[in-house]
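# Understanding the architecture of this molecule
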Amino acid sequence: GAVVSQHPSWVICKSGTSVKIECRSLDFQATTMFWYRQFPKQSLMLMATSNEGSKATYEQGVEKDKFLINHASLTLSTLTVTSAHPEDSSFYICSARPTGTVSTDTQYFGPGTRLTVL
Amino acid sequence: AQTVTQSQPEMSVQEAETVTLSCTYDTSESDYYLFWYKQPPSRQMILVIRQEAYKQQNATENRFSVNFQKAAKSFSLKISDSQLGDAAMYFCAYRSAEEVDFGNEKLTFGTGTRLTIIP
């Protein structure tokens, strides 16, 4: 149980285009989902917290107009990287907390999406 | 702001032996949670073990146990009877209990330790 998927697993795009990454909770509902960014050989940095039906909360320094987050249902959150540039190339990981659990409970992570911008 | 430090970028251990991964953190808060996550080559983050700061007893999960020293702000992970499947990046992470009350569930991660298991 508690499986989170991401699609695509790897995407290559041209500079200036937009890319959408999906995060799905497959066997549970998730009111809250999280988006992280991981640079090569580095740690995970939280980008934003996504709540179903409301606006995402972005961490300081993360451009909300560049990284658009939509959490339209209890099983799906999307991250759209708009006008992508090579410096946006990274590994993007989502996590989800099951609905009905308290905020101290475990987050379940997706397998990540590798974005390469040419 | 909280910081998490993992001073060992790489570690290796012989199969069936025991290895300890180090983690220190800095915080002014008294109530928080600490985690060890495993990231295998598949990149899927997996929760290994979790410790609540107000609990003095060290958490254990089968072959995995922690040595939580609150005063020293140290949170090391011990892996006993190491297996080939334990090879992965291990991340130590911190989450404030105070922030959680206000809806912020931010996890602050260390830079990771790459663990290699020698057959």
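Preceding block: the structure.
Every value quoted in this text rests on a predicted model; they were computed, and no experiment measured them.

## Here's the deal with the environment of A:His71
All names here are of chain A.
- Tracing the chain through its elements places His71 in strand 7 (residues 67–73).
- For the pair His71 and Leu46, spaced 25 residues apart in sequence, the C-alpha to C-alpha distance is 16 Å.
- In this structure the side chain of His71 is engaged in a polar contact, spanning 3.4 Å, whose partner is the backbone nitrogen of Glu52.

## Some thoughts on the interface of chain B and chain A
- Across the boundary between the two partners, chain B contributes 18 residues, which contact 21 residues of chain A.
- Here chain B packs against chain A, burying approximately 1800 Å² in sum over the two surfaces, 47% of which is carbon and sulfur.
- Connecting chain B to chain A are one salt bridge.
- With its nearest N and O atoms 3.3 Å apart, the salt bridge here joins B:Lys106 to A:Glu59.
- Among the secondary structure elements, those contributing two or more residues to the side of chain B that touches chain A are strand 5 (32–39), strand 6 (46–52) and strand 10 (88–96) of chain B.
- Looking at the side of chain B that touches chain A, the element that brings in the most residues is strand 5 of chain B, giving three residues.
- Of the residues belonging to the side of chain B that touches chain A, the class tally is eight nonpolar, five polar and five charged.

## Looking at the environment of A:Ser89
Residues and elements named next belong to chain A.
- When you line up the elements, Ser89 lands in the loop between strand 8 (76–81) and strand 9 (90–98).
- Residues Ser89 and Lys20 lie 69 residues apart in sequence; the distance between their C-alpha atoms is 13 Å.
- Discounting residues that sit within four places of it in the chain, Ser89 has contacts with Arg37, Phe39, Leu115, Thr116 and Val117.
- A distance of 2.9 Å separates a polar atom in the side chain of Ser89 from the backbone oxygen of Pro86.
- Among the polar contacts made by the side chain of Ser89, one reaches the main-chain amide nitrogen of Val117 at a distance of 2.8 Å.

## Focus on the state of the cysteines
Residue and element names in this part refer to chain A.
- This model, assessed by the stated rule, comprises two disulfides over all chains.
- Free of any disulfide, Cys13 has its nearest cysteine sulfur in Cys94, 19 Å distant.
- According to the relative accessible area criterion, Cys13 is buried, its value standing at 8%.

## Details of the side chain of A:Ser90
- Mapped onto the elements of the fold, A:Ser90 is located in strand 9.
- Filtering out sequence-adjacent residues up to four positions away, A:Ser90 remains in contact with A:Arg37, A:Gln38, A:Phe39, A:Thr113, A:Arg114 and A:Leu115.

## Details of the side chain of A:Gln6
All names here are of chain A.
- Secondary-structure assignment places Gln6 in strand 1 (residues 4–7).
- Relative accessible area serves as the criterion here: at 8%, Gln6 is assigned to the buried category.
- A distance of 3.2 Å separates a polar atom in the side chain of Gln6 from a polar atom in the side chain of Thr113.

## Description of the packing of aromatic side chains
- Evaluation of the coordinates by the stated rule reveals 14 aromatic pairs over all chains.
- The side chain of B:Arg95 reaches across the aromatic face of B:Tyr33, ending 5.4 Å from its centre.

## Looking at the pairing of strand 1 of chain A
All names here are of chain A.
- A one-sided burial pattern is seen for strand 1, the buried positions being Val4 and Gln6 and the unburied ones Ser5 and His7.
- Across four bridges, strand 1 lies against strand 3 (residues 19–25) in antiparallel orientation. Across the sheet, Val4 pairs through a bridge with Ser25, a residue of strand 3.

## What to know about a nonpolar patch on the surface
- On the surface, a cluster of nonpolar side chains totalling about 390 Å² of accessible area is made up of A:Trp10, A:Ile12 and A:Leu118.
- By secondary structure assignment, the location of A:Trp10 is in strand 2 (residues 10–13).

## Looking at the pairing of strand 5 (residues 44–51) of chain A
All names here are of chain A.
- The buried count for strand 5 comes to six of eight residues, which makes it a mostly enclosed element.
- As paired strands, strand 4 (residues 30–38) and strand 5 are joined by seven bridges and run antiparallel to one another. If you follow Met33 over to strand 5, its bridge partner there is Ser50.
- Linking two consecutive strands that pair antiparallel, namely strand 4 and strand 5, is a turn of five residues; a positive phi of about 60° is found at Lys41 within it.
- Note that strand 5 and strand 6 (residues 57–58) share two bridges and pair antiparallel. Among the inter-strand pairings, Ala48 is bridged to a residue of strand 6, identified as Tyr58.
- In this structure, the hairpin formed by strand 5 and strand 6 is closed by a connection of five residues, where Gly53 is found at a positive phi of approximately 85°.

So, how was this worked out
- Residues numbered from 1 in each chain as written.
- Chains lettered and ligands numbered in written order.
- Predicted model: local features only at pLDDT ≥ 70, side-chain atom pairs only at ≥ 80, totals over all residues.
- Heavy atoms only, no water.
- Helix = DSSP H or I, 4+ residues; strand = E, 2+ residues; numbered from the N terminus.
- Polar contact = N/O pair within 3.5 Å; in protein donor to acceptor, adjacent residues only side chain to side chain.
- Contact = heavy atoms within 4.5 Å.
- Buried area = accessible area lost by both parts, 1.4 Å probe.
- Salt bridge = Lys/Arg side-chain N within 4 Å of Asp/Glu carboxyl O.
- Nonpolar A, V, L, I, M, F, W, Y, C, P; charged D, E, K, R; others polar.
- Disulfide = S-S within 2.5 Å.
- Buried < 20%, exposed > 50% of the residue type's maximum accessible area, 1.4 Å probe, protein only.
- Phe/Tyr/Trp six-rings, centres within 6.5 Å; stacked < 30°, edge-to-face > 60°.
- Lys NZ or Arg CZ within 6 Å of the ring centre and 35° of its normal.
- Pairing = 2+ DSSP bridges.
- Patch = residues over 30% accessible without salt bridge, like charges linked within 9 Å, V, L, I, M, F, W, Y side chains within 5 Å.
- Areas by Shrake-Rupley, 256 points an atom, 1.4 Å probe, with all protein chains shown as cover.

Purely geometric stuff here, so don't read any function into it on its own.
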